[in-house]
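# Overview (structure and organization)
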Amino acid sequence: MDVNAAVAAAAAIAGVLTGVIAMLAFRWSEREQKRPTRTSLHTDPVLPPGVDTVLSVLRSSAVVLDEADAVVKASSAAYALGLVRGGKLGVEPMLQMARDTRRDGEIRQVELDLPRRGTGRGEALAVSARVAPLGSRLVLLLVEDLTEARRIEAVRRDFVANVSHELKTPVGALSLLSEAVMGASEEPEAVERFAGRMQIEATRLTNLVQELIDLSRVQNDDPLEDAEPVRIDELVAEAIDRCRHQAGAKQITMAAGGTADLSIWGNRGQLAAALGNLVENAVNYSPARTRVGIAARRVTAPGGDLIEIAVTDQGIGISDKDKERIFERFYRVDPARSRATGGTGLGLAIVKHVAASHSGEVTVWSSEGQGSTFTLRLPEAGAARDRATDDQTPGLDEDDETGQTDGTTTVSSPYEPFSAPEVLP
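Values in this document were obtained by computation on a predicted structure and should not be read as measured data.

Definitions and cut-offs
Residues numbered from 1 in each chain as written. Predicted model: local features only at pLDDT ≥ 70, side-chain atom pairs only at ≥ 80, totals over all residues. Heavy atoms only, no water. Patch = residues over 30% accessible without salt bridge, like charges linked within 9 Å, V, L, I, M, F, W, Y side chains within 5 Å. Areas by Shrake-Rupley, 256 points an atom, 1.4 Å probe, with all protein chains shown as cover. Salt bridge = Lys/Arg side-chain N within 4 Å of Asp/Glu carboxyl O. Lys, Arg positive; Asp, Glu negative; His and termini not counted. Charge placed at Lys NZ, Arg CZ, Asp CG, Glu CD. Buried < 20%, exposed > 50% of the residue type's maximum accessible area, 1.4 Å probe, protein only. Phe/Tyr/Trp six-rings, centres within 6.5 Å; stacked < 30°, edge-to-face > 60°. Helix = DSSP H or I, 4+ residues; strand = E, 2+ residues; numbered from the N terminus. Expected span 1.5 Å × (residues − 1). Polar contact = N/O pair within 3.5 Å; in protein donor to acceptor, adjacent residues only side chain to side chain. Axes fitted to C-alpha atoms, helices over the stretch in contact; angles between N-to-C directions. Parallel < 35°, antiparallel > 145°, perpendicular 65-115°, else oblique. Left-handed = near helix turned anticlockwise from the far one by under 90°. Contact = heavy atoms within 4.5 Å. Nonpolar A, V, L, I, M, F, W, Y, C, P; charged D, E, K, R; others polar.

Here we come to a negative patch on the surface. A cluster of acidic residues, Glu186, Glu187, Glu189 and Glu192, forms a negative patch on the protein surface. We classify glutamate 187 as partly exposed; its relative accessible area is 47%.

Rendered as structure tokens:
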């Protein structure tokens, strides 16, 4: 009995000792796991408090690098620009800036032109990169995309240069012609000839100034502030009347047709100017004794019925390389013909802006030697009025500074005739 009691006591003591040893070993293991090691300090840096939140709201692309040039934090914009690849900063000049800043603690900034990833066209991406130390071990890189700002600035410089050139040409011609008139004061025939030329140049100057005013107005004004139902028949009749003299001089037949009693909702003056510009271009770029047709129809679309107004000519046509640029300001397919007809190169730019501001679009089909068809697509009166009530008029984005195709101008297939236009005298 005493032996059994002794064995049981010994076993109990051994169990208690085993439990104590196990508990001590467990706590020692936890303490070792929590203790930072040299490796963990090197590979798992921690951002200072609040930095992560600040980086998430920055518009710039942000990248945080550690002392081994590994990316600790990068915004989605940085990945979109192709700055970070495989956990590393993929732009060598920026990486060198980060190393220099880590070494001496100085803030650095530089503008770079980077290849645009994925385009395959060699387009440059203009960026501004700024590097600053973030604590004692981290470096912060902020990258701002300047591509769009540079493009807009270049467009504005070109626009100013083009305006200056276009204004200088008729003004210079008027100055020379006035001197010629003074020198030929005793020759009535010469005076009459020079006076006729002065009248042509003065008309060209007046048209240019007026179209610059019109372009500025359609870009800055909301056409739906003074919107009203506008009958297509009236717009077509007004456009034909505007070009009747030029068409008669070239023996061009103008014809109107399509669906009758159609209406759109918008600014009557702007719509009349847009359609008038299309018809005037058709007449100016058509050979003598040809035909210009204007027709309208209703088409069904998911957002509501649209009204299509097509202007078709049998003119010289437009080459493929010119189709994407004809809506740019001052761009002319045939500069010599534009000079002869007094064209300013602003007519189609005005058409584009009017269509966009009325929630529509302008499309073009053309083949060299076969003529062209320009089509205005605008919401029908009821659908457009409802849309104006529910939503604000969509504004023009900065891409419109170029007047290039950005969704409001496209190239479409040939326009199928939908009715026989009525020939007008």
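Taken as a whole and assessed by the stated rule, the structure comprises 1 aromatic pair. When the ring of phenylalanine 327 is compared with that of phenylalanine 374, the centres are 6.4 Å apart and the planes differ by 70°; the resulting orientation is edge-to-face. In this pair, phenylalanine 327 sits in the loop between helix 11 (320–323) and helix 12 (335–341) while phenylalanine 374 sits in strand 14 (residues 371–379), placing the two residues 47 residues apart along the sequence.

This next bit is on helix 13 (residues 347–357). Working note: α-helix, 3.6 residues per turn, so residues spaced by three or four point in the same direction. Taking burial as the measure, the 11 residues of helix 13 include 11 buried ones, the bulk of the element. When helix 13 is considered as a whole, its buried residues turn out to be Gly347, Leu348, Ala349, Ile350, Val351, Lys352, His353, Val354, Ala355, Ala356 and Ser357. Of the residues one or two after helix 13, serine 359 is the one with positive phi, at around 60°.

The backbone of aspartate 261 sits at a positive phi, close to 60°, despite the residue not being glycine. As for its placement among the helices and strands, aspartate 261 is situated in the loop between strand 9 (253–258) and strand 10 (263–266). Even without glycine at this site, serine 359 takes up a positive phi of about 60°. Examined against the element boundaries, serine 359 turns out to sit in the loop between helix 13 and strand 13 (361–367).

Our next topic: helix 10 (residues 268–284). With 17 residues, helix 10 ought to run about 24 Å at 1.5 Å a step, and its terminal C-alpha atoms sit 24 Å apart, in line with that. With respect to burial, helix 10 is a largely interior element, 12 of its 17 residues being buried. Among all positions of helix 10, only Gln270, Leu271, Ala272, Ala274, Leu275, Gly276, Asn277, Leu278, Val279, Ala282, Val283 and Asn284 are buried. For helix 10, the N-terminal cap is asparagine 267; the gap from its side-chain oxygen to the backbone nitrogen of glycine 269 is 3.1 Å.

Another aspect to go through is the side chain of serine 128. Relative to the assigned elements, serine 128 resides in strand 6 (residues 124–134). Polar contacts involving the side chain of serine 128 include one to the side chain of glutamine 109, which spans 3.2 Å.

Bringing the packing of helix 8 (residues 232–242) against helix 10 into the picture now. Where helix 8 contacts helix 10, the two axes come as close as 9 Å, and the packing angle between them is 50°. Between helix 8 and helix 10, the crossing angle belongs to the class labelled oblique. Both helix 8 and helix 10 take part in a crossing whose hand is right-handed. Where helix 8 approaches helix 10, its residues Glu234, Leu235, Val236, Glu238, Ala239 and Arg242 are matched on the opposing element by Arg268, Leu271, Ala272, Ala273, Leu275, Gly276, Asn277, Val279 and Glu280. Residues belonging to the contact of helix 8 with helix 10 are distributed by class as follows: 8 nonpolar, 2 polar and 5 charged.

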